[in-house]
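Here is what each chain is made of, one letter per residue.
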Amino acid sequence: MKRIGSLFLLLTIGCLFPSIPAHALDTDLEVSVGYDDNPAEVDDMDGSGFARYRAQLTQSFFKETEAPDVEFFIDAAYEQYYDLENNYQLRAGASLDVPSGSDRFFPGFFAEAAAYRDDLVADDERDELILGGVLQWLVDARLTLILRQTFAWSDYRNRVSLPGQRAHFVAGGKGKGPGGRQPLPVDDLITYARDDDIWSTEAAATYYFTADIQADVSVQYRDVASSDDFESFQEYGGSGRIGWFHPKVAEIFLSGFWSTLDYEDAPQGIEREDDFYGFGVGANRQVGMITLYARFDRTVNDSPVEGENYKKVVAECGLVYSF
Amino acid sequence: MRSCLFILIVCLGISVAVAEASEVILGVVNAVDREQGLVTLKVIDSSGNGSGQPASETLSVAVNPDQMPDCVVPGNTIRIWGEYLGDGSSLSFRADSIRGGQANGRRNDPTGVRSRLGRGRQGGRGGRMGGGRSSGR
């Protein structure tokens, strides 16, 4: 939290220091409602309607000068479930776009600190620090290639359970007592302290077929070295998105992703390799300073570990007010 | 899973089939007159049906002043769709659509929409970066 406080202080100082050429402060306020049929991401759990509230402040400096473009942001979100417990998060960070002397190559760096709190699944609560670099290459008038390298350090606040026992740590629904399953006696549960070092490499491409049709594809490799071997894995995956954009109508998009997670270890000596995939469809419409949106996402995790299989569907609609 | 891939592949195929032959220009904004709807552009690359390749590295672009996006500021790299005015040797261009060419360093989001639609729950595999139970997505 000290790191987040420092970044917030930097943002405040920047806003108050008049000699720095600051761009106007951008503010996004978001509210949405929806239904999630598996918020806890376990194999047997009730769904719930939810409302989400979010605010983001972004301050840019040197945007129209020869100096490197610097941007600070702070983002707070609260997700309120009607029948289950809630979660919230605070993120703050900065990015730096460095002039390369080229009109086609754009290197940049970013840093972010985040705190996530979850009253539904205490296992997931963590503080996180993310550092990364990105290189964009405008190949031609239609194609952009992006290479992104990220390091993240996640410090989990609570001891986490063995794979397959997550459901026993899910909090009960509001006014319903224990949710999901009958709780095991505490003595029967094994828990671990957890912190993760995560290296991620992503190569992405954006192609404009027309002014209105844009496709994004990416491949990603991720190496997660956790203090708990059951949470250490290597991930190989890819994703795609195609959007049709019309300024007077809406942007409509289809997206999909797939990845394989090859775990270092699993309970009972199981060779664990999960397939994690999903697809989504949605629409965004800009009306003045308001963006209306609706989306539908379905994700599936296929795992050989009992209790780690789950399916999840989220339908959501909302609006973002930007000024 | 297979159906998701199939749908995406079909959509990409349709996109290729309908890709219009209109000109698209990648360039750096030299100057902007928002009231007049005029942009002076340093051309980096252009593609299209080849009927109107620019004869100069600098191009005068006419834009509807009511549809001038925020990304059109001096120094920014942008993509412009439209057509050349007059014959191929003309140095003026009429813009139908404009997109920012350069994404912010921490996100790949030329339209800016996705960045505004921050996603919710960070736990489980839904985690944004490190995240969650299985350090999800």
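Since the model is a prediction, treat every value here as computed from it, not as a measurement.

**Student:** It is not clear to me how the overall build of chain A should be interpreted in this structure. Could you clarify?
**Tutor:** Scanning chain A from terminus to terminus reveals one helix and 16 strands. If you take every contact in chain A between residues at least 6 apart in sequence, the share linking residues at least 24 apart comes to 57%.

**Student:** I keep staring at the environment of A:Val31 and nothing clicks. Help me out?
**Tutor:** All names here are of chain A. Take Val31: it is sitting in strand 1 (residues 26-36). Among the residues examined, Val31 registers 13 C-beta atoms within 10 Å and is labelled partly exposed. Not counting the four nearest positions on each side in its chain, Val31 is found in contact with Tyr53, Gly318 and Leu319.

**Student:** Would you explain the sheet that holds strand 3 (residues 58-62) of chain B in this entry?
**Tutor:** Residues and elements named next belong to chain B. One closed barrel accounts for five strands, arranged 1-2-3-5-4; its pairing is mixed. With strand direction ignored, the average angle separating the axes of adjacent strands in the sheet is 55°. In this structure, strand 1 (residues 23-33) lies alongside strand 2 (residues 38-47), joined through nine bridges in antiparallel fashion. Each bridged residue has a counterpart across the sheet, and for Val32 the counterpart in strand 2 is Val39.

**Student:** In this structure, what is going on with unusual backbone geometry? I would like to understand it.
**Tutor:** Of all residues except glycine, most have a negative phi; of all peptide bonds, most are trans. All names here are of chain A. The phi angle at Glu41 is positive, at roughly 55°, despite the residue not being glycine. As for its placement among the helices and strands, Glu41 is situated in the loop between strand 1 and strand 2 (48-61). One non-glycine residue with positive phi stands out, namely Gln268, at about 60°. Take Gln268: it is sitting in the loop between strand 13 (251-263) and strand 14 (273-287).

**Student:** Any chance you could explain the nonpolar core here in plain terms?
**Tutor:** One broad trend across soluble globular proteins is that nonpolar side chains are buried collectively. Within the largest apolar cluster, 22 residues are counted, with the highest numbers of intra-cluster contacts made by B:Ile25, B:Leu41, B:Val61, B:Ile80, B:Phe93 and B:Ala95. Those elements that provide at least two residues to this core are strand 10 (195-208) of chain A together with strand 1, strand 2, strand 3, strand 4 (77-84) and strand 5 (92-100) of chain B. With residues up to four places along the chain from it excluded, the contact list for B:Leu41 reads B:Ile25, B:Gly27, B:Val28, B:Val29, B:Asn30, B:Thr58, B:Leu59 and B:Val61. Counting 11 residues, the second-largest nonpolar core is a separate cluster that includes A:Ala152, A:Ile198, A:Phe230 and A:Leu261.

**Student:** Teacher, can you tell me more about the pairing of strand 1 of chain A here?
**Tutor:** Residues and elements named next belong to chain A. Here strand 1 runs beside strand 2; their pairing, made up of 11 bridges, is antiparallel. Residue pairing in the sheet places Ser32 in a bridge with Arg52 of strand 2. Direction of pairing for strand 1 relative to strand 16 (residues 310-322): antiparallel, over a ladder of nine bridges. Across the sheet, Asp36 pairs through a bridge with Val314, a residue of strand 16.

**Student:** Looking at this structure, I do not really get the confidence of the model for chain B. What am I missing?
**Tutor:** Where the model shows low pLDDT, its predicted coordinates should not be examined in detail. All names here are of chain B. Scored by pLDDT, chain B has a mean of 66; 49% of the residues are at 70 or more. Looking at the elements of chain B, mean pLDDT is at its lowest for helix 2 (residues 113-116), recorded as 40, and at its highest for strand 1, recorded as 88. In the predicted structure, residues 105-137 sits below a pLDDT of 50 and forms 102 contacts with residues beyond four places in sequence or in another chain. On the interface metric, ipTM, the complex scores 0.70, and its pTM is 0.78.

**Student:** Where do I start with the confidence of the model for chain A in this structure?
**Tutor:** Averaged over every residue, the pLDDT of chain A is 83; the share at 70 or more is 84%. Under a pLDDT of 50 for its full length, residues 177-181 of chain A has, in the predicted model, 19 contacts with residues more than four places off or in other chains.

Rules used in this analysis
Residues numbered from 1 in each chain as written. Chains lettered and ligands numbered in written order. Predicted model: local features only at pLDDT ≥ 70, side-chain atom pairs only at ≥ 80, totals over all residues. Helix = DSSP H or I, 4+ residues; strand = E, 2+ residues; numbered from the N terminus. Contact = placed C-beta atoms within 7 Å. Buried ≥ 20, exposed ≤ 12 C-beta atoms within 10 Å, placed from the backbone. Pairing = 2+ DSSP bridges. Axes fitted to C-alpha atoms, helices over the stretch in contact; angles between N-to-C directions. Core = buried A, V, L, I, M, F, W, Y, C linked by C-beta atoms within 7 Å. pLDDT = per-residue confidence, 0-100.

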